[in-house]
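Remarks on the overall topology
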Amino acid sequence: MLLTPAQHSPHLGPINPSSDLARSHPAQALGVSSHLNPVFFLFPVLSGSDGGPCRRTDCGRGRQCVLLEATGRAECVCQEKCRPTFVPVCGSDGRFYENHCEVYRTACVQKRRIYVVHSKDCFFKGDTCTMAEYNKLKTMLLDMQPKGLGGRVKNVKRNMDQKRALVDTMFKYLDVNRDGSLGSDELAKEHLEDSLLECTMQDLLRYDDYNNDGHLTLHEFYTAFQVVQLSLAEDQRVSVSVVTVGLSTVLSCAIQGTLRPPIIWKRNGIILNFLDLEDINDFGDDGSLYITKVTTIHMGNYSCHAYGYEELYQTHVLQVNVPPVILVYPETQAQEPGVSASLHCHADGIPDPNILWLKNGMDLQPRPSKQLSLIANGSELYIGSVRYEDTGAYTCIAKNEVGVDEDISSLFVEDSARKTLANILWREEGLSVGNMFYVFSDEGITVLQPSECEIRRHIKRTERIVASYEEMCPKSEGVSPQHCAWSSAVSVRDKYIYVTQPLQKRLLVIDTQAQKVVQAVETDPFPVKLLYDKSHDQVWVLSWGSMQKSHPTLQVIPQASVGEVHHTIRTPFQRVDDFFIPPTNLIITHVRFGFIFLKSEPAVHKIDLETFHRVKTISLKNYSCVPVSMAYTHLSGFYFIQCRSPSRDPSSAQPQLLIDSVTDTVIGPNLNITGQPYVSPDGRLIVTPDRQHGKVRVQTVSFQGVLGLSRELDTTLHVSDVVFQPSFTESNQYTMVAVSGSDTDLLFSDLASGKSEVLRSLKEPLSPHSWPWGSSNRVLVSSGLFGRYLVTPSAESLFVLNGKQKTPHCEVSDIKRGNTVVWVGEV
């Protein structure tokens, strides 16, 4: 066989995986050179393998779990010793180690990062036949093919079969005695006609004779020339995993191969291996992906492939199941004989829970009748005409595959002449204090009870604040006649309402029990937006500094629900254009991070809601996106960002962007959808009104974390605001209600069926010029999770709507500019 020199390819050495180069060159970060060693695995020793804390503790490579005698708790410590196995490897520190375990044990002891380098330079330091020279030898051998075998192999990754045929032919040629192995004498017979090479054919034995028997087998020959044969069983191309929230899970890649390169894991197209994630890592030497403390944001698709072989991949579909969480309403009610009564039970969980009722501990299986019936799959227990014997404790039980939850709603049926404590509490406190709309208008504050369309209290603009005895709405300079100016309000645990007075450089605190303004809290000039962070009991305040938004700032009021004198804390963020804090729900009760947008900057800044520190900046520059608004679903953890172009035209719309909250990375455009996104309380529905194309696009998120377009609704509605009402006929379904900011129309749309109804003649809304505090010149506010009523203002009055019947309920006149509304409910 004639052997002549070939073009040499440079050797790529290992680099630090935490460097920027690692993200763009994963092969180098993984230590993949032009030569691959066979992979052997050693597992860390775990104490307490019979059970207990150590069984649930994954310490990682080079560490082991021990139980502390004093406390009985599990603790991870450096491994004392490794199994005496000789599988020599090189470390990134240039040292020679007996096996993988010794590399990671040493890294733990020395408290520094040392990783395995797939190179043999440390074995042969000072040798004339270096790894680079050895690679030249192998390149030359591959280039010099026997006559008739075909053209040169130009792309090893895509032509692995051709490369294998070449190596097979070469092996057969060298195996003179046909014993299936190459000895030193067989290799010595071949002389290379290139005096520049420092390596000889016998160096194949020095580098790749792994068992040191003086012969190269075909397998070792394959290893030397990186002949990789990968396989994935057809029935394993898609793997579905189901895990309960709060537990850990391991995703194992089923791609097999004797020389399988390192495994690359992706989520939403983003490589996970090099990201320093808090709850996801790939420290398993077997190429598995470990997810600790699984939450609903982790659901979705994960893919794995061997490095360099992207065309062969396995998809893992992860579903995260959540035990039911329920809420009943009312907790207690008193009714007179002959009237109707409803007991409500809302249950969230994955999969959807089944609901059943008990009465006084006994199964309640009502047959459909006028007297007793179950509505919306058991979400409502309706009694048509209550009798004395209907008095009792009604237990709602919600159950799914992973858990059960229950709560009690009590019903008392009594004559009105015999008012018990429960009757008094329900009638006098429940109806007079809770379940009210607070409407802030030019004339002051109107407290409205919606079912009777009754104004329970009117707080006039001249009434005094309890703490300071100032007028609630003092006359501002240059403003005539005197009237109140409001911009934003929030309910704080239904105990207080915080409402901004942008022209007064302050906000007011209203006690909902006393129905009085109890304090004025000074803020930076022009406070225009409030948001209540229930997780930390904080109210966030965005101030503009001036009507031209010249000096915007962000402030926080801590312990907002505590009855004391409140004050603001200024955060370090300047030039704030807007901010976003994800909402909580029955399943997600704590939110750790929020986001701020800075003026005209194509980025969102992630902040810690507890420390007020910036955590990281997510650039949107590559997508020419200046963020306008955000929405979030905890199912698969998608952030939806409404964009505008950085150009001078602020109205130029861009497609929404998706950010994966697991990796804090931009996934890309959300299809071709533009506009402000709205997400249903359970996170399953995303609604985006698209004003440019006259459509409302509805997307869904499945329990496997798959985001898809459900339907498009054609509408001429110029949407100003959107709310979601739980369906009155189906459990875990919602009706979208959207109101127009330019005409008198309002849209009801059943998002399950797509059926829509338009309600007209709600009178003209405020003009955008009359509402300079935001884009919603006509708000829409619902009466909570169990309420049927909605409120929306016109320029001169207020409309109360019956959401169950999809009809107007009443109109309250003489409420001007009542575009700031808050619902205060019992739940």
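None of these values were measured; they are calculated from a predicted model.

1. Brief notes about the overall build of the protein
Each helix and strand in the protein was counted, giving nine helices and 55 strands. Contacts in the protein between residues at least 24 apart in sequence constitute 53% of all its contacts with a sequence separation of at least 6.

2. Overview of the sheet that holds strand β23 (residues 403–413)
Strands belonging to one sheet form pairs held by backbone hydrogen bonds; the direction of such a pair is parallel or antiparallel. Spatially, the five strands line up as an open sheet ordered β16-β23-β22-β18-β19, and their pairing is mixed. Since the sheet does not close on itself, it has two edges, and those belong to β16 (332–335) and β19 (362–364), each with one partner. Across the sheet, the mean angle separating the axes of adjacent strands is 30 degrees when strand polarity is ignored.

3. Points about the nonpolar core
In terms of nonpolar packing, the biggest core is built from 81 residues, with Phe221 and Phe225 touching the most fellow members. Of the domains in this structure, domain 2 (159–227) and domain 3 (234–321) are the two that each give at least three residues to this core. Not counting chain neighbours up to four residues away, the residues in contact with Phe225 comprise Lys138, Leu141, Leu142, Lys163, Val167, Met170 and Leu204.

4. Details of unusual backbone geometry
The amide bond that connects Tyr329 to the next residue, Pro330, takes the cis arrangement and shows omega of -10 degrees. Secondary-structure assignment places Pro330 in the loop between β15 (314–329) and β16. The residue after Ile350, namely Pro351, is reached through a cis peptide bond having omega -5 degrees. Along the chain, Pro351 falls in the loop between β17 (341–350) and β18 (354–359). Backbone geometry places Asn377, a non-glycine residue, at a positive phi of 55 degrees. Take Asn377: it is sitting in the loop between β20 (372–375) and β21 (380–383). Residues other than glycine seldom take positive phi values, yet Lys549 does so here, at roughly 55 degrees.

5. With respect to the pattern of salt bridges
A complete count under the given rule lists 27 salt bridges for this structure. Where Glu463 meets Arg457, a salt bridge forms, and the shortest distance between an N and an O atom there is 3.2 Å. For Glu463, a relative accessible area of 26% gives the class partly exposed. Asp664 is paired through a salt bridge with Lys606; the nearest N and O atoms lie 2.7 Å apart. Of this pair, Asp664 sits in the loop between β41 (653–660) and β42 (665–669) while Lys606 sits in strand β37 (residues 603–608), placing them 58 residues apart in sequence. Classification of Lys606 as buried rests on a relative accessible area of 8%. A single network of salt bridges, built from pairs that share partners, joins Asp690, Lys695, Arg697, Glu712 and Asp714.

6. Considerations on helix α4 (residues 131–143)
Spanning 13 residues, α4 covers 18 Å between terminal C-alpha atoms, matching the ideal 18 Å at 1.5 Å per step. The set of residues buried in α4 consists of Met131, Glu133, Tyr134, Asn135, Leu137, Lys138, Thr139, Met140, Leu141, Leu142 and Asp143.

7. Some points on the sheet that holds strand β39 (residues 626–633)
Strands sit in the order β39-β40-β41-β42 across an open sheet of four strands; the sheet is antiparallel. The strands lining the two open edges of the sheet, one partner per strand, are β39 and β42. In this sheet, neighbouring strand axes are inclined to one another by 30 degrees on average, regardless of whether the strands run parallel or antiparallel. Summarising the sheet, β39 and strand β40 (residues 638–644) pair through seven bridges and their orientation is antiparallel. Looking across to β40, one finds that Ser629 is bridged to Gln642.

8. Observations concerning a nonpolar patch on the surface
Together, Val238, Val240 and Val242 make up a nonpolar patch on the protein surface, roughly 280 Å² of accessible area in all. Within the element layout of this structure, Val240 appears in strand β8 (residues 238–244). Its relative accessible area of 58% is what places Val240 among the exposed residues.

9. Comments concerning the pairing of strand β35 (residues 576–580)
Working note: regular strand, side chains alternate between the two faces of the sheet. Counting buried positions over the five residues of β35 gives four, a clear majority of the element. As defined by bridge partners, β35 adjoins strand β36 (residues 593–598) across four bridges and the pair is classed as antiparallel. Bridge assignment links Asp578 to a residue of β36, and that residue is Phe597.

10. Looking at the confidence of the model for the protein
For the protein, the mean per-residue pLDDT works out to 85, and 85% of the residues sit at or above 70. Between residues 1–49, whose pLDDT stays under 50, and residues either more than four places distant or in other chains, the model counts 117 contacts. With pLDDT under 50 throughout, residues 426–432 is counted as low confidence; its partners more than four residues away or in other chains account for 19 contacts.

11. Brief notes about the packing of aromatic side chains
Tallying each qualifying case throughout the model produces 13 aromatic pairs. Ring plane angle 10 degrees and centroid distance 4.1 Å describe the contact between Tyr134 and Tyr207, whose orientation is recorded as stacked. Separated by 73 residues along the polypeptide, Tyr134 in helix α4 and Tyr207 in helix α7 (residues 203–208) bring together distant segments of the chain. Across the pair, Tyr207 and Tyr134 agree in class, each one buried. An aromatic cluster of at least three residues, connected via ring pairs, comprises Phe171, Phe221 and Phe225. Seen from the ring of Tyr104, Arg61 lies directly overhead, with NZ or CZ sitting 4.4 Å from the centre.

12. Remarks on the side chain of Asn400
Mapped onto the elements, Asn400 comes out in strand β22 (residues 392–400). Since its relative accessible area comes to 13%, Asn400 is described here as buried. Engagement of the side chain of Asn400 in a polar contact is seen with the backbone oxygen of Ile350, the distance being 3.3 Å. Here the side chain of Asn400 touches Pro351 through a polar contact of 3.0 Å, landing on its backbone oxygen. Here Asn400 is in contact with Val322, Pro323, Pro324, Gly349, Ile350, Pro351, Asp352 and Pro353, once residues within four sequence places are set aside.

13. What about the environment of Ile114?
Inspection of the secondary structure puts Ile114 in the loop between α3 (100–110) and β5 (116–117). Judged by its relative accessible area of 4%, Ile114 falls in the buried class. For the pair Ile114 and Arg95, spaced 19 residues apart in sequence, the C-alpha to C-alpha distance is 9.9 Å. Apart from the residues lying within four places of it in its own chain, the contact partners of Ile114 are Gly91, Ser92, Asp93, Tyr97, Val103, Tyr104, Thr106 and Ala107.

14. Concerning helix α5 (residues 160–174)
Taking 1.5 Å per residue as the helical rise, α5 with its 15 residues ought to reach 21 Å, and the 21 Å between its terminal C-alpha atoms agrees with that figure. Buried within α5 we find Met160, Lys163, Leu166, Val167, Met170, Phe171 and Leu174. Along the axis of α5, the buried residues cluster in a sector spanning 135 degrees; they form a single face. Across from the buried face of α5, at angles greater than 90 degrees, the exposed residues are Asp161 and Lys172. Looking at the buried residues of α5, the elements they touch are α4, β6 (181–183), α6 (184–188), β7 (215–217) and α8 (218–224).

15. Brief notes about the environment of Val325
Mapped onto the elements, Val325 comes out in strand β15. Put simply, Val325 and Gly349 are 24 residues apart on the chain and 6.4 Å apart in space, counted from C-alpha to C-alpha. In contact with Val325, not counting residues within four places along its chain, are His346, Ala347, Asp348, Asp405 and Leu586.

What counts and how
Residues numbered from 1 in each chain as written. Predicted model: local features only at pLDDT ≥ 70, side-chain atom pairs only at ≥ 80, totals over all residues. Heavy atoms only, no water. Helix = DSSP H or I, 4+ residues; strand = E, 2+ residues; numbered from the N terminus. Contact = heavy atoms within 4.5 Å. Pairing = 2+ DSSP bridges. Axes fitted to C-alpha atoms, helices over the stretch in contact; angles between N-to-C directions. Core = buried A, V, L, I, M, F, W, Y, C linked by side-chain atoms within 4.5 Å. Buried < 20%, exposed > 50% of the residue type's maximum accessible area, 1.4 Å probe, protein only. Domains from an automatic or database assignment. Salt bridge = Lys/Arg side-chain N within 4 Å of Asp/Glu carboxyl O. Expected span 1.5 Å × (residues − 1). Patch = residues over 30% accessible without salt bridge, like charges linked within 9 Å, V, L, I, M, F, W, Y side chains within 5 Å. Areas by Shrake-Rupley, 256 points an atom, 1.4 Å probe, with all protein chains shown as cover. pLDDT = per-residue confidence, 0-100. Phe/Tyr/Trp six-rings, centres within 6.5 Å; stacked < 30°, edge-to-face > 60°. Lys NZ or Arg CZ within 6 Å of the ring centre and 35° of its normal. Polar contact = N/O pair within 3.5 Å; in protein donor to acceptor, adjacent residues only side chain to side chain. Arc of directions from axis to C-beta.

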